[in-house]
Amino acid sequence: MLRKSLLLLAALLFAAGANLRPVCCYELAGKPIAPGCGIRTAARAERAAQAAAEEILRFEAGPGKVTKRLRLSLRRPLGSAPELSAALLAATPGIALRCEVRVDGRRLGWVEDGEALQEALGRYIRGTLPAWASGGVLSGELTLRSLYTRDAYLTAERDMLLLITGAAPVFYYDQTGRYARA
């Protein structure tokens, strides 16, 4: 009876051990920065974040005070390589997620918040609206993209509004189809 109990216990331990998966967890100042990933996924994400940081900063850089922990789990890891590499890149000192502003494909600069810039641009167009006009649009195509860049590259929102309206003047229109440029 003792022998069967030991064999049963060994079989249960073997079944549980066969289903355990190693998971890499990353923390910054004691808080998790991304969901846990498998070992290969974590290694791929680390290499990608390291290469991107070196390209952005133009010197060898690594994530700040990020700690890596390995644990065993019965569930599959939830994290993905792009998610983890973005979190590691954001944790790298000197790198920040900024919004790139382009008009007709030409880069004008970087702002901290693209949505706030769009709201400010809408307020600017409504604020400069002539009495006869019912609305206004930019004469060029405005493109906003969130990208990682050096932390120092940043244009003030008011200056960016001037750059945008200088590169793509505002056209005002009314209901009859009449339009004019500011």
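Above this note sits the structure.
Rules of the game
Residues numbered from 1 in each chain as written. Predicted model: local features only at pLDDT ≥ 70, side-chain atom pairs only at ≥ 80, totals over all residues. Heavy atoms only, no water. Core = buried A, V, L, I, M, F, W, Y, C linked by side-chain atoms within 4.5 Å. Buried < 20%, exposed > 50% of the residue type's maximum accessible area, 1.4 Å probe, protein only. Helix = DSSP H or I, 4+ residues; strand = E, 2+ residues; numbered from the N terminus. Contact = heavy atoms within 4.5 Å. Pairing = 2+ DSSP bridges. Axes fitted to C-alpha atoms, helices over the stretch in contact; angles between N-to-C directions. Left-handed = near helix turned anticlockwise from the far one by under 90°. Nonpolar A, V, L, I, M, F, W, Y, C, P; charged D, E, K, R; others polar.

**What to know about the nonpolar core**
(1) Moving on: Of all hydrophobic cores here, the largest spans 17 residues; its most connected members are Val-101, Leu-117, Met-160 and Ile-164.
(2) Moving on: Of all the secondary-structure elements, those providing two or more residues to this core are strand E4 (95-103), strand E5 (106-111), helix H4 (114-127), helix H5 (157-167) and strand E8 (170-173).
(3) Moving on: The element best represented in this core is H4, accounting for four residues.
(4) Moving on: Among all residues touching Val-101, those that are not within four sequence positions of it are Arg-106, Arg-107, Leu-108, Gly-109, Val-111, Leu-117, Leu-142, Thr-143, Leu-144, Met-160 and Ile-164.

**So, the pairing of E8**
(1) Moving on: Taking every second residue as pointing to the same face, the buried face of E8 carries Val-170 and Tyr-172, while none of Phe-171 and Tyr-173 on the other face is buried.
(2) Moving on: In this structure, strand E6 (residues 135-138) lies alongside E8, joined through four bridges in antiparallel fashion. In the sheet register, Gly-135 faces E8, and the bridge partner there is Tyr-173.
(3) Moving on: The sheet contact formed by E8 and strand E9 (residues 179-181) spans three bridges and is antiparallel. The residue bridging Phe-171 from the neighbouring strand is Arg-181, located in E9.
(4) Moving on: Here E8 hands over to E9 after five residues, with Gly-177 in that stretch at a positive phi of 100°.

**Observations concerning the packing of H4 against H5**
(1) Moving on: Following both chains from N to C, one finds H4 and H5 inclined at 60°, their axes separated by 10 Å at the closest point. With respect to the hand of their crossing, H4 and H5 are arranged in right-handed fashion. Residue-level inspection shows Ala-116, Leu-117, Ala-120, Leu-121, Arg-123 and Tyr-124 of H4 in contact with H5, the latter providing Glu-157, Met-160, Leu-161, Ile-164 and Thr-165.
(2) Moving on: Among the residues making up the contact of H4 with H5, the classes are represented as eight nonpolar, one polar and two charged.

From the geometry alone we can't say anything about function, so treat these as descriptive.
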